[in-house]
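Structural description and commentary
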Amino acid sequence: MNTFKTASLGFQHLLAMYTGAAIVPLIVGGAIGLGPTELAYLVAIDLFMCGVATLLQVWTTRFTGVGLPVVLGCTFTAVGPMIAIGSANGITAIYGALIASGLIVILISGFVGKLARFFPPVVLGSVVTIIGLSLIPVAINDIGGGMPGEPGFASMQNLGLGGLTILLILVLNRVGTVFTRAAAVLFAVLIGTGVAASLGLVDFSPVREAGWFQMVQPFYFGMPTFDVSAILVMTLVAIISMIESTGVFLALSDITKKPIGAKELTKGYRAEGVATILGGIFNSFPYTTFSQNVGLVQLSGVKSRRVIFWTGGLLILLGFLPKVATFTTLIPKPVLGGAMLVMFGTVAASGIRILSQVDFSKNENLITIALSIGVGLGITANPAIVANMPEWLQLFTDSAIVAGSFTALLLNGFFRTMDRYRPTTIIAEERQVG
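An unreviewed UniProt entry lists the protein chain under the name Nucleobase:cation symporter-2 family protein, from Exiguobacterium marinum. Heading Sequence similarities (unreviewed entry) of the UniProt record for the protein chain holds this comment: "Belongs to the nucleobase:cation symporter-2 (NCS2) (TC 2.A.40) family."

Structure representation (structure tokens):
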């Protein structure tokens, strides 16, 4: 494979993951009140760190790297918790929690197999479903153009742009090529932004004023601060991401016909831990494997790691180009909301797929799913319900994702413990009935 073809295939992988990578800083930065300049930097440093994290995973050493053609980006699991931490304790607390949780990931990387038993499909599926469903209101608000009550909210113009973006994603997924299906969200966002610009809704002056080059800076937003509750929350997020990554690693192992064992998995987890620590130092995010790129590997049939090296290098290059990051911040909210609705809905659908492995004839599984999703969505609908709780406890309940996750973990642990002390005669009778 010649260099030009390898580079072009690497660029395809970049396009496939770009929107998913850029959406996270736009959501988190917007939620915690960052200004345009800070938001542009956050997008740029996120792209830079996506490239670094990808190279850490593809390039194998004695300590890190699963050695498979994976592309890394910020996990959506972390969006809600980071907003909650940033809103309660400030942005520096996010980065302190990332550094600490990254260190913990490295320390426990060899024991993830044992930790996985605490995250059976009933827990993992509930958590992933909650992640998708709890983030959908953010997408709906953006489709409307902001928040209810703001001028122009839910105007036909905004709803039309959001609907157009969704329609384009559907069409590209239905009639497009392998590549356009993988990058359907990005192309839909670009076309939607172009339509909005033709209506005079996009001001490109910030792109013209932005420089051509910038250096990345460690601790751009200040020195990290360390809060115990925030660290525990981000560690939970990291463990969930590691379990999700395990599935992606095993899928890619099957696709590439490259067997991997406990040693390779451990190095893969360590790479994510190192990437998360660097994310805290350079003020970006925690990173995990992106499944859409796995789909591109499978559909294109190109399994070479050289392609992914190009993807990582191009992402790093984009991190030094503020004009690209600034352009990303100009995407109109309705267009961004349409893309987010599809992406977050896909996350929820993935959770439902995991739950399909659960034995629904067992009442404990039904109760675990019902209560964890109920708690998560209940807090999403009425956050004031936890307003009078102690501050340290609010950090676990302000986020629907974290509250639902802890509910699922506690209930699963409770039912497992109860099973140990149930009379064997009752268990035998239930099996006979089943």
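On we go.
Now for the side chain of Ser134. Within the secondary structure, Ser134 sits in helix α6 (residues 121-144). For Ser134, a relative accessible area of 10% corresponds to the buried category. Among the polar contacts made by the side chain of Ser134, one reaches the main-chain carbonyl oxygen of Ile130 at a distance of 2.8 Å. In this view, Ser134 contacts Leu377, Thr380, Ala400 and Ile401; residues no more than four positions away in its chain are not counted.

Moving on, we get to the packing of helix α4 (residues 91-108) against helix α12 (residues 262-281). The description of two helices packed together rests on the angle between their axes and the distance between the axes. Where α4 meets α12, the axes come as close as 7 Å, and the angle between the chain directions of the two elements is 160 degrees. As judged from the angle between their axes, α4 and α12 are roughly antiparallel. For the element pair α4 and α12, the recorded crossing hand is left-handed. Side by side, α4 and α12 meet where Tyr95, Leu98, Ile99, Ser101, Gly102, Leu103, Val105 and Ile106 of the first sit next to Tyr269, Arg270, Gly273, Val274, Thr276, Ile277, Gly279, Gly280 and Ile281 of the second. A class-by-class count of the residues in the contact of α4 with α12 yields ten nonpolar, six polar and one charged.

With that settled, consider the packing of aromatic side chains. By the definition in use, this model includes ten aromatic pairs. Ring centres of Phe48 and Phe320 lie 5.4 Å apart, and the angle between their planes is 75 degrees; this geometry places the pair in the edge-to-face category. Pair noted here: Phe48 is in helix α2 (residues 36-58) and Phe320 is in the loop between α14 (305-319) and α15 (322-329), with a separation of 272 residues, a long-range link. The pair Phe48 / Phe320 is uniform in exposure class, with both members buried. For the ring pair Phe414 and Phe415, a centre distance of 5.4 Å and an interplane angle of 65 degrees mean the geometry is edge-to-face. Assessed through its relative accessible area of 44%, Phe414 is described here as partly exposed. The ring of Trp212 carries the charged tip of Lys323 above its face, separated from the ring centre by 4.8 Å.

Residues Ile191, Val195, Leu199 and Leu201 make up a contiguous nonpolar surface patch of about 310 Å² in total accessible area. Along the chain, the position of Val195 falls in helix α9 (residues 184-198). With relative accessibility at 30%, the residue Val195 sits in the partly exposed group.

What follows is about unusual backbone geometry. Residues other than glycine seldom take positive phi values, yet Ala154 does so here, at roughly 60 degrees. Topologically, Ala154 is positioned in the loop between α6 and α7 (156-175). Residue class for Ala154 comes out partly exposed when judged on its relative accessible area of 37%. For Phe219, which is not glycine, the phi dihedral falls at a positive 55 degrees.

With 120 residues, the main nonpolar core has Met82 and Tyr287 as its most contacted residues. Apart from the residues within four sequence positions on either side, Met82 is in contact with Val24, Val28, Cys74, Ile94, Met234, Phe285 and Pro286.

Taken as a whole, this structure holds zero disulfides when the rule is applied. Counting only cysteine sulfurs, Cys74 is the nearest neighbor of Cys50, a cysteine outside any disulfide, at a range of 7.6 Å. Its relative accessible area of 0% is what places Cys50 among the buried residues. Cys74 sits in the buried class, given a relative accessible area of 0%.

Thresholds, definitions, all that
Residues numbered from 1 in each chain as written. Predicted model: local features only at pLDDT ≥ 70, side-chain atom pairs only at ≥ 80, totals over all residues. Heavy atoms only, no water. UniProt positions renumbered as here; feature names shortened; annotations may be inferred. Helix = DSSP H or I, 4+ residues; strand = E, 2+ residues; numbered from the N terminus. Buried < 20%, exposed > 50% of the residue type's maximum accessible area, 1.4 Å probe, protein only. Polar contact = N/O pair within 3.5 Å; in protein donor to acceptor, adjacent residues only side chain to side chain. Contact = heavy atoms within 4.5 Å. Axes fitted to C-alpha atoms, helices over the stretch in contact; angles between N-to-C directions. Parallel < 35°, antiparallel > 145°, perpendicular 65-115°, else oblique. Left-handed = near helix turned anticlockwise from the far one by under 90°. Nonpolar A, V, L, I, M, F, W, Y, C, P; charged D, E, K, R; others polar. Phe/Tyr/Trp six-rings, centres within 6.5 Å; stacked < 30°, edge-to-face > 60°. Lys NZ or Arg CZ within 6 Å of the ring centre and 35° of its normal. Patch = residues over 30% accessible without salt bridge, like charges linked within 9 Å, V, L, I, M, F, W, Y side chains within 5 Å. Areas by Shrake-Rupley, 256 points an atom, 1.4 Å probe, with all protein chains shown as cover. Salt bridge = Lys/Arg side-chain N within 4 Å of Asp/Glu carboxyl O. Core = buried A, V, L, I, M, F, W, Y, C linked by side-chain atoms within 4.5 Å. Disulfide = S-S within 2.5 Å.

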